[in-house]
Amino acid sequence: MNRRHCAAAAITLVCALSLLTVPVQAMAAPTPDSTPSPSASAPSSPGPSSEKDLEKVREQIETLYRQAAAATDAYNLAEEQTKKQSGEIVKLAKAIVDGQARIAELKDRAGAQAREQYRNGGLPPGAQLVLSDDPQLFLDGVNKVRTSQQASKTVLAELNRTQEDLETYTQDASSNWHKLETNRVKQAKAKKKINARIAAAEKLESELETEERARLRRLEQEAANRAQSAWLATRPVQDVEAISGEASAAGKAAIAFATAQIGKPYVWGATGPGTYDCSGLTMRAWAAAGLPIPRTSQEQWRLLPRIDIKDMRPGDLIIYHADASHVAMYVGDGTIVHSPRPGRHVTLAGAGSMKILGVVRPDK
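Only a predicted model underlies this, so the values are computations on that prediction, with no experimental measurement involved. Residue numbers restart at each chain and count upward from 1, following the sequence in its written direction. Given that the model is predicted, a residue must reach a pLDDT of at least 70 before its local features are reported, and side-chain atom pairs must reach 80 or more before they are shown or counted; all residues, however, enter totals for whole chains, interfaces and linings. Each side-chain value is derived from all of the structure's non-hydrogen atoms; neither hydrogens nor water enter the calculation.

**Re unusual backbone geometry**
No. 1: Of the consecutive residues G272 and P273, the connecting peptide bond is found in the cis state with omega at 0 degrees.
No. 2: A run of H or I in DSSP counts as a helix once it spans at least four residues, and a run of E counts as a strand once it spans at least two, with each numbered from the N terminus. Positionally, P273 belongs in the loop between α7 (249-260) and α8 (278-288).
No. 3: Backbone geometry at A324 places phi at a positive 55 degrees, although glycine is not the residue there.
No. 4: Topologically, A324 is positioned in the loop between β2 (317-320) and β3 (326-332).

**Things to note about the pairing of β3**
No. 1: Note on classification: 1.4 Å probe, protein chains only; a residue is buried when its accessible area is under 20% of the maximum for its type, exposed when over 50%, partly exposed between these limits. Most of β3 sits out of view: six of its seven residues are buried.
No. 2: Bridge analysis of β2 against β3 gives four bridges, and the strand direction is antiparallel. Bridged to L317 within β3 is M329.
No. 3: Any two strands are treated as partners once DSSP identifies two or more bridges connecting them. Taking the residues that link successive antiparallel strands as the turn, the β2-β3 hairpin has five residues, and the phi of H321 there is positive, at about 70 degrees.
No. 4: Pairing of β3 with strand β4 (residues 335-338) involves three bridges; the strand directions are antiparallel. Note that in β4 the partner of G332 across the bridge is T335.
No. 5: Following β3, the chain reverses through two residues before pairing antiparallel with β4; D333 in that reversal takes a positive phi of roughly 55 degrees.

**Quick notes on the sheet that holds β2**
No. 1: If you trace the six strands from one edge of the open sheet to the other, you get β1-β6-β2-β3-β4-β5, paired in antiparallel fashion. A strand with exactly one partner marks an edge of an open sheet, and here the two such strands are β1 (306-307) and β5 (347-350).
No. 2: Both β1 and strand β6 (residues 356-360) contribute to a ladder of two bridges, which runs antiparallel. Bridge assignment links R306 to a residue of β6, and that residue is V360.
No. 3: We call two residues contacting when some pair of their heavy atoms lies within 4.5 Å. Structural elements are reduced to axes, namely lines fitted to C-alpha atoms, with helices fitted over the stretch in contact, and the angle between N-to-C directions of any two is expressed from 0 to 180 degrees. The strands that α7 touches are β3 and β4; relative to β3, the one it contacts most, it runs at about 115 degrees.

**Concerning the environment of G274**
No. 1: Residue position: G274 is located in the loop between α7 and α8.
No. 2: Of the residues examined, G274 reaches a relative accessible area of 39% and is grouped as partly exposed.
No. 3: Taking the C-alpha atoms as reference, G274 lies 9.8 Å from G263; in sequence the two are 11 residues apart.
No. 4: Look past the residues within four positions of G274 in its chain and what remains in contact with it is K264 and P265.

**Thoughts on α8**
No. 1: A large share of α8 lies buried, amounting to eight of its 11 residues.
No. 2: Among the residues of α8, C278, S279, G280, L281, T282, M283, A285 and W286 are the ones counted as buried.
No. 3: Count one or two residues on from α8 and you reach G290, which has phi positive near 90 degrees.

**Description of the UniProt feature "coiled-coil region" (unreviewed entry) in the protein**
No. 1: UniProt positions are given in the numbering used here, feature names are shortened, and annotations may be inferred rather than shown by experiment. UniProt's feature table lists "coiled-coil region" (unreviewed entry) at residues 191-221, given in the numbering used throughout.
No. 2: For residues 191-221, helix accounts for 90% and strand for 0%, while the C-alpha atoms at its two ends are 29 Å apart.

**Side note on the environment of Y65**
No. 1: Relative to the helices and strands, Y65 is located in helix α2 (residues 51-119).
No. 2: Taking relative accessible area as the criterion, Y65 reaches 6% and is therefore assigned buried.
No. 3: Between the C-alpha atoms of Y65 and A200, which are 135 residues apart in sequence, the distance is 9.2 Å.
No. 4: Setting aside residues up to four positions removed in sequence, Y65 forms contacts with I198, A201, E202, R341 and P342.

**Some details on the pattern of salt bridges**
No. 1: For salt bridges, the criterion is a side-chain nitrogen of Lys or Arg within 4 Å of an Asp or Glu carboxyl oxygen. Evaluation of the coordinates by the stated rule reveals 18 salt bridges.
No. 2: As a salt-bridge pair, K94 and D98 come within 3.0 Å of each other at their nearest N and O atoms. Of the two residues, K94 and D98 are both situated in helix α2; the distance of four residues between them amounts to about one turn of the helix.
No. 3: By relative accessible area, which is 40% here, D98 ends up partly exposed.

**A closer look at the nonpolar core**
No. 1: Remark: nonpolar core denotes a set of buried residues (Ala, Val, Leu, Ile, Met, Phe, Trp, Tyr, Cys) joined through side-chain atoms within 4.5 Å. In this structure, W286, I293, L317, I319, M329 and V360 are the most contacted members of the largest nonpolar core, which totals 21 residues.
No. 2: Those elements that provide at least two residues to this core are α7, α8, β2 and β3.
No. 3: Per-element tally for this core: the top contributor is α8, with five residues.
No. 4: In this structure, L54, I61, A68 and A190 belong to the second largest nonpolar core, which totals 19 residues.

**Quick notes on the packing of α7 against α8**
No. 1: Taken N-terminus to C-terminus, the directions of α7 and α8 make an angle of 130 degrees; their axes are 7 Å apart at the nearest point. Relative to α8, the element α7 lies oblique. As for how α7 packs across α8, the hand of that crossing is right-handed. Residues A250, G251, A254, F257 and A258 of α7 form the contact with α8, whose participating residues are L281, R284, A285, W286 and A288.
No. 2: Considered class by class, the residues forming the contact of α7 with α8 number eight nonpolar, one polar and one charged. These descriptions rest on fixed angle ranges, namely under 35 degrees for roughly parallel, over 145 for roughly antiparallel, 65 to 115 for roughly perpendicular, and the rest for oblique. In this scheme the crossing of two helices becomes right-handed for a clockwise turn of the near helix relative to the far one and left-handed for an anticlockwise turn of less than a right angle. We call Asp, Glu, Lys and Arg charged. Ala, Val, Leu, Ile, Met, Phe, Trp, Tyr, Cys and Pro are nonpolar, and the rest, Gly among them, are polar.

Shown next, in the form of structure tokens:
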């Protein structure tokens, strides 16, 4: 391996090992962004006084939090990919170190063989045999020559193979490093969007009077109740009874974990134990049941087995909205447990209180 190649490998190795000193980004509540997008800005005071005006505010707040939820999924996915790439780089760094050590060892062996030939007068073993007058020495030497030739070929072949492997490891490390940086950029963009949407929603709500905030909460609950009633009205009686069936053993364990978290606050990017976002709750619940599932609601929808809603049973996960930006766990009798949004806590709600995209079953 030439010096330039070794230098490239060493540089990659240093970069990879330096990654270990970078702290993992904490999954804490975001610092409100002071400059939310213009489209998300709140109306000026005075606050709304009519139910119609307040309903518009409710819809604006709901839209902003849904946008924040979608951005949270993007952040969580990028964070998972960052962890994966970091792990790959660390493994490649070790492979590079091992490969360089092996090359040094093989070069030493090749050097030893060259020194042995020099001590024999600089003649190759075959020439030494031809010049030998002793038949027995000639016969004994044949085996030695064959052994020596085979050893030399083995060393050279392994040296070439190790050098090729080291080149591959170096290229892979460089590729993974670029992917890592790409994911970090994605995280930063998603975080900025989350902060802006949450800050805008909080600003809208903060400009309301105390009485108006109480009315806003009632409007939220009434909207959820209307959606739940409309959903139940579309389900045949037998379907509603069917989806309250028996959970699997793993499903019961997941439900037990999720319901035990009721009352804990929503924090975007959080996976417990004190706070959760929506997919953080479902992921931890099924992990507690002994079955790892993807981190984000979008990945849970994409990768987990899908089932028809009429076949839904407790423990299944319901994915909401067209962009799969929210997930909840079905617990039976038309009810879910979920972590709704910033400013709210893990709670029970109607399964149809939001627009259902579909249902997945982790233990299918």
